[in-house]
Amino acid sequence: MFFVFVGDGPSCIQIAPFLQPFAGTYAFTLIPIRIDGGTLPEFPDARYEPSIKARLGVDVTPAIFLVDPGAGHIQPIAYGVISLSELENRIVRLFKMTPGEMTYSVYDTGARIP
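Residues numbered from 1 in each chain as written. Predicted model: local features only at pLDDT ≥ 70, side-chain atom pairs only at ≥ 80, totals over all residues. Heavy atoms only, no water.

### Section: the packing of aromatic side chains
Each aromatic ring pair is characterised by the separation of its centres together with the angle its planes make. Tallied over the entire structure, the rule returns 6 aromatic pairs. Their ring planes at 20° and their centres at 5.1 Å tell us that Phe3 and Phe5 sit as a pair that is stacked. Geometrically, the ring pair formed by Phe3 and Phe43 is tilted, given 5.6 Å between the ring centres and 55° between the ring planes. Of this pair, Phe3 sits in strand E1 (residues 2-5) while Phe43 sits in the loop between strand E2 (31-34) and strand E3 (47-48); the two residues are 40 residues apart in sequence, bridging distant segments of the chain. For the pair shown, Phe3 and Phe43 are each scored as buried. (Phe/Tyr/Trp six-rings, centres within 6.5 Å; stacked < 30°, edge-to-face > 60°. Helix = DSSP H or I, 4+ residues; strand = E, 2+ residues; numbered from the N terminus. Buried < 20%, exposed > 50% of the residue type's maximum accessible area, 1.4 Å probe, protein only.)

### Overview of helix H3 (residues 84-96)
With 13 residues, H3 extends 18 Å between its outermost C-alpha atoms, agreeing within 8% with the 18 Å of an ideal straight helix rising 1.5 Å per residue. Buried residues of H3: Leu87, Arg90, Ile91 and Leu94, and no others. Angular distribution of buried residues about the axis of H3 spans 95°; they occupy a single face of the element. Tucked inside the fold, the buried residues of H3 contact helix H1 (10-25), strand E4 (63-68) and strand E5 (73-79). (Expected span 1.5 Å × (residues − 1). Arc of directions from axis to C-beta. Contact = heavy atoms within 4.5 Å.)

### What to know about unusual backbone geometry
The residue after Thr61, namely Pro62, is reached through a cis peptide bond having omega 0°. By the element assignment, Pro62 lies in the loop between helix H2 (52-56) and E4. Even without a glycine there, the phi angle at Ala27 is positive, about 60°. Its place among the elements puts Ala27 in the loop between H1 and E2.

### Notes on the confidence of the model for the protein
Confidence in the prediction of the protein, expressed as mean pLDDT, is 85, and 84% of residues score 70 or more. Of all helices and strands in the protein, the one with the weakest mean pLDDT is H3 (88), whereas E1 scores best (97). Every residue in residues 106-114 is under pLDDT 50, and counting partners more than four places away or in other chains gives 10 contacts. (pLDDT = per-residue confidence, 0-100.)

### Focus: the packing of H1 against H3
Orientation of H1 relative to H3, taken along the N-to-C sense of each, is 40°, at an axis distance of 11 Å. Taken together, the axes of H1 and H3 are oblique relative to one another. Between H1 and H3 the crossing geometry is right-handed. On H3, the residues that touch Phe18, Leu19 and Phe22 of H1 are Leu84, Leu87, Glu88 and Ile91. Looking at the contact of H1 with H3 residue by residue, the class counts come to 6 nonpolar, no polar and 1 charged. (Axes fitted to C-alpha atoms, helices over the stretch in contact; angles between N-to-C directions. Parallel < 35°, antiparallel > 145°, perpendicular 65-115°, else oblique. Left-handed = near helix turned anticlockwise from the far one by under 90°. Nonpolar A, V, L, I, M, F, W, Y, C, P; charged D, E, K, R; others polar.)

In structure tokens:
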């Protein structure tokens, strides 16, 4: 799981304390990535990769991505502040998708067009 943030972002500051425990609950490896010169107390050794903003199309922080390094897949899960229950719901929906189904959207409500 990638957590892309800016060190002085109010939304990043708000969600940071909850992400490591959340990732641990589900056995995700959390990789914090800062795109500015700042950092967060929870992630003092975060990777500094400003180029990831363009590579992943991050316009809003924080941004959370699920990553499958073996398959080379990176899927956006959330942009901005999100509750842990909604983060969990989005991840569960992603894992329930069948092959060939439309790409998951972070704005997806789960509704489908008949």
